[in-house]
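Here is how the chains run, residue by residue.
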Amino acid sequence: MPRWVVLRAEGEAEAFRYTVHDELEGTEVEALAAMLSIIDTFAEALTESGRRRQRRQVFRVSERRYFIRVHNRMSVEEAHFTLAELAADTHADDLPDTVGD
């Protein structure tokens, strides 16, 4: 079964920091649906009144990359999310050791 990671990048200009937000197994459709669920709840306000005041903007960069901007009362949070498929693994029998083969 294919393995995926949802990468999250935060920062400004060249100071972006990338982290693995979640690891998933399944088809591409299942992994994409899981990533979209993560995006839909990113930085969501905890209260109903907070959610009413909050503005959320989601930009599709590509089929597997999204940029989200969340405007709260006193702050703005932004992040890039990317869905990436595991392509090589030196300890997996069903995957090549390198991507260059």
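Below: a short report on this structure. Throughout this description, residue numbers start from 1 for each chain and increase along the sequence as written. Given that the model is predicted, a residue must reach a pLDDT of at least 70 before its local features are reported, and side-chain atom pairs must reach 80 or more before they are shown or counted; all residues, however, enter totals for whole chains, interfaces and linings. The side-chain numbers reported here are obtained from all heavy atoms of the structure, hydrogens and water having been left aside.

### So, the pattern of salt bridges
For side chains bearing opposite charge, pairing can occur when the charged atoms are close. Any Lys or Arg side-chain nitrogen located within 4 Å of an Asp or Glu carboxyl oxygen qualifies as a salt bridge. By the definition in use, this model includes 6 salt bridges. A salt bridge links Glu 23 to Arg 3; the nearest nitrogen and oxygen atoms lie 3.0 Å apart. In this pair, Glu 23 is assigned in strand E2 (residues 17-25) and Arg 3 in strand E1 (residues 3-10), connecting sequence segments 20 residues apart. Three labels apply to residues, based on accessible area from a 1.4 Å probe with only protein chains included: buried if under 20% of the type maximum, exposed if over 50%, partly exposed otherwise in between. Using a relative accessible area of 36% as the deciding quantity, one classes Arg 3 as partly exposed. Counting from the N terminus, the helices are DSSP H or I runs at least four residues long and the strands are E runs at least two residues long.

### Describing the packing of aromatic side chains
What characterises a pair of aromatic rings is the spacing of the ring centres plus the angle enclosed by the ring planes. We call Phe, Tyr and Trp rings a pair once their centres come within 6.5 Å, taking the six-membered ring for Trp, and we label the pair stacked below 30 degrees between planes, edge-to-face above 60, and tilted otherwise. A complete count under the given rule lists 2 aromatic pairs for this structure. Seen from their ring centres, Phe 42 and Phe 81 are 5.5 Å apart, and the 75° between their planes marks the pair as edge-to-face. Linking Phe 42 in the loop between helix H1 (28-41) and helix H2 (48-53) with Phe 81 in strand E5 (residues 76-85), this pair joins segments that are 39 residues apart in sequence. In terms of burial, Phe 42 and Phe 81 fall into one category: buried. Measuring from centroid to centroid gives 5.8 Å for Phe 59 and Phe 67, while their planes differ by 40°, and the two rings are tilted. Judged by its relative accessible area of 13%, Phe 67 falls in the buried class.

### Details of the nonpolar core
As used in this record, nonpolar core signifies buried Ala, Val, Leu, Ile, Met, Phe, Trp, Tyr and Cys residues forming a set joined through side-chain atoms within 4.5 Å. Counting residues in hydrophobic clusters, the biggest one holds 14 residues, and the most contacted among them are Val 6, Met 35, Ile 68, Phe 81 and Leu 83. For this core, the secondary structure elements donating two or more residues are E1, H1, strand E4 (65-71) and E5. Examining the composition of this core, we find that 4 residues originate from one element, H1, more than from any other. Contact criterion: two residues are considered in contact whenever any of their non-hydrogen atoms come within 4.5 Å of each other. Beyond its immediate sequence surroundings of up to four residues, Ile 68 is in contact with Ile 39, Phe 42, Arg 56, Gln 57, Val 58, Glu 77, Glu 78, Ala 79 and Phe 81.

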